[in-house]
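# Results of the structural survey
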Amino acid sequence: MEVIKFKQIGVSFKGSGSYVPEQILTNEKISQKVDTSDEWIQSRTGISERRISSSGDNVTEMGYKAALSAIKMTNWDIKTIDLIVLATSTPHDLFGSAPSIQAKLGAHNAVAFDLTAACSGFLFALITAAQFLKGGSFKRAIVIGADQLSSFVDWNDRRSCILFGDGAGALAIEATNEFDNFLGFDMRTDGERGSFLNLPTKNNRDSIIDNIDFLKGGFSPINMNGQEVYKFAVREVPIILNNLFRKTKYSSDEVDWLVLHQANQRILDSVGERLKIPREKILSNLAKYGNTSAATIPLVMDEAIRDNRIQQNDIIATSGFGAGLSWGAAIIKWG
Ligand code: UT7
């Protein structure tokens, strides 16, 4: 671990990466499985296709590839990375997948752990990592969002199976004593509304020996009240972002890019309208990937960084929201 010789005051954004599985599931193909249509899915969600993991792809593999790609964009020696935070709800190993990613990267000096906050996970992980950097504990961090929800979708439930896909994204961030490009954040949780979207354990009773039962591990498929989640998102996301604009003294006019969790194009449009941010400033790749949970924000950012839409010093307002219920927002300056 690099010796820290100064008190950092800020965070700088140095690199991005992403990875999606090769296998494509189009709306047309989903309509062979459940009673739906390409027209219905596109008009209600903006999604045309999504990627689905098959053998060889899992959260560790996808997260590793996204992280490696982000590190390549920096000129870092991998051994100088201090921290790896993996946001995921679908780890390859329930004890944590971040350590496997650390090992595959050869980032031997990094502490690595998982963080679970569903679709808010990447934002919560980014905020967590930024606090370690601003506090002076660590200098270099990789924040990964990776999910494989296809393994937990009920593929007979047309109300939810059309939304989700698999993928991973990552950002490389560094502490600096020269400026602070992490301009502000807010985070919220409302467990009272948790039943609107969850992936609960399914405890099948079994016995160890006579009269001693145990509950076998396992999960029920994703359970979602789409309309309630929709209403929650279009109400809470503009509120948290407007509050953050007030707190940071930025206005929505100064925002170059609005980067929302990619859940539904109608949610993106509605939040944009309420914030008075025009459509051309709202990043979207829903058509290609659907909702990849913790991966959506770094995945859509990585595309825009690599094709030079996001430029150095651009102001990005970002918000993640979803199961928990949980939601959060941050304002950052790229670079
Ligand atoms: O990370 C957060 C993850 N979750 C979300 O972001 C979910 C947010 N919610 C949504 O995106 C939307 O609520 C959905 C896309 C899930 C559903 O769209 P909706 O406009 O809210 O549809 P609805 O649930 O109100 O259903 C309208 C109709 C119903 O038919 P009836 O009862 O009016 O005859 C549904 O049965 O559409 C029907 N329907 C479908 N029809 C064709 C529901 N799903 C489908 C489908 N294909 N896939």
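Before reading on, note that the structure itself is shown above.
Here the residue numbers are simple positions, counted from 1 along each chain's written sequence. Only residues with pLDDT of at least 70 get local features here, since the model is predicted, and only at 80 or more are side-chain atom pairs given and counted; chain-wide, interface and lining totals rely on the full set of residues. The side-chain figures draw on all heavy atoms in the structure; neither hydrogens nor water molecules are used.

## Examining the site of the ligand
If you check the shell around the ligand, you find 22 residues, and the closest are T36, R44, Q227, H261 and N264. Contact between the ligand and G226: a nitrogen atom at 2.9 Å from a main-chain N or O atom of the residue. N291 places a side-chain nitrogen or oxygen 2.9 Å from an oxygen atom of the ligand. Alone, the ligand offers 950 Å² of accessible surface; in the complex the protein occludes 75% of this. Only runs of H or I of at least four residues qualify as helices and only runs of E of at least two qualify as strands under DSSP, and these elements are numbered from the N terminus. Sorting elements by how many residues they give to the shell around the ligand places helix α6 (residues 226–248) first, with four residues. Note on residue categories: nonpolar means Ala, Val, Leu, Ile, Met, Phe, Trp, Tyr, Cys or Pro, charged means Asp, Glu, Lys or Arg, and polar means any other residue, Gly included. When grouped by side-chain class, the residues that make up the shell around the ligand number ten nonpolar, seven polar and five charged. We call a residue near a given molecule or strand whenever any one of its heavy atoms falls within 4 Å of it. Polar contact is the term for a pair of N or O atoms within 3.5 Å; when the atoms are in protein, one must be able to donate a hydrogen and the other to accept it, and sequence-neighboring residues count only if both atoms are side-chain atoms. Only the protein chains shown count as cover for residues, and the accessible areas themselves come from Shrake-Rupley with a 1.4 Å probe.

## A closer look at the packing of aromatic side chains
The geometry of an aromatic ring pair is captured by two quantities: the separation of the ring centres and the angle between the planes. Pairs were defined over the aromatic rings of Phe, Tyr and Trp, the Trp ring being its six-membered one, requiring ring centres within 6.5 Å. Orientation was assigned from the angle between planes: stacked under 30 degrees, edge-to-face over 60, tilted for the rest. This model, assessed by the stated rule, comprises five aromatic pairs. Relative to W334, the ring of F13 has its centre 5.7 Å away and its plane inclined at 35 degrees; by these criteria the two rings are tilted. Here F13, found in strand β1 (residues 10–19), pairs with W334, found in the segment after β15 (326–333); they are 321 residues apart in sequence, far enough to count as distant. When sorted by exposure, F13 lands in the same class as W334, which is buried. Here, a charge over a ring is recorded when the distance from Lys NZ or Arg CZ to the ring centre is within 6 Å and its angle to the ring normal is within 35 degrees. Here the basic side chain of K104 rests over the ring of Y64, its NZ or CZ set 5.0 Å away from the ring centre. Think of it in three bands: with a 1.4 Å probe and only protein chains considered, a residue is buried below 20% of the maximum accessible area for its type, exposed above 50%, and partly exposed in between.

## Some thoughts on the nonpolar core
Counting 45 residues, the largest nonpolar core has L241, L258 and F321 as its most contacted members. Those elements that place two or more of their residues in this core are α6, β13 (257–260), α7 (265–275), β14 (315–322) and β15. When residues of this core are assigned to their parent elements, the largest contribution, nine residues, is made by α6. When residues of this core are sorted by domain, at least three fall in each of domain 1 (10–179) and domain 2 (183–193 + 221–333). Throughout, nonpolar core names a set of buried Ala, Val, Leu, Ile, Met, Phe, Trp, Tyr and Cys residues whose side chains join them through atoms within 4.5 Å. The split of the chain into domains comes from an automatic or database domain assignment.

## What about the sheet that holds strand β6 (residues 140–148)?
Taken in spatial order, the five strands line up as β1-β7-β6-β4-β5 in an open sheet, and their pairing is mixed. In this open sheet, the two edge strands, each paired with only one partner strand, are β1 and β5 (111–115). Pairs of neighbouring strands in the sheet enclose a mean axial angle of 20 degrees, with direction left out of account. Only strands joined by at least two bridges in the DSSP assignment are considered to pair. Inspection of the sheet shows β6 paired to strand β7 (residues 166–176) by nine bridges, in the antiparallel sense. Residue pairing in the sheet places V143 in a bridge with L171 of β7. Its contacts with the sheet place helix α4 (residues 98–105) against β4 (83–87), β5 and β6, and it is angled at close to 145 degrees to β5. Interaxial angles span 0 to 180 degrees and are taken between N-to-C directions of axes, which are lines fitted to C-alpha atoms, for helices over the stretch in contact. By the convention used here, residues are in contact when the closest approach between their heavy atoms is within 4.5 Å.

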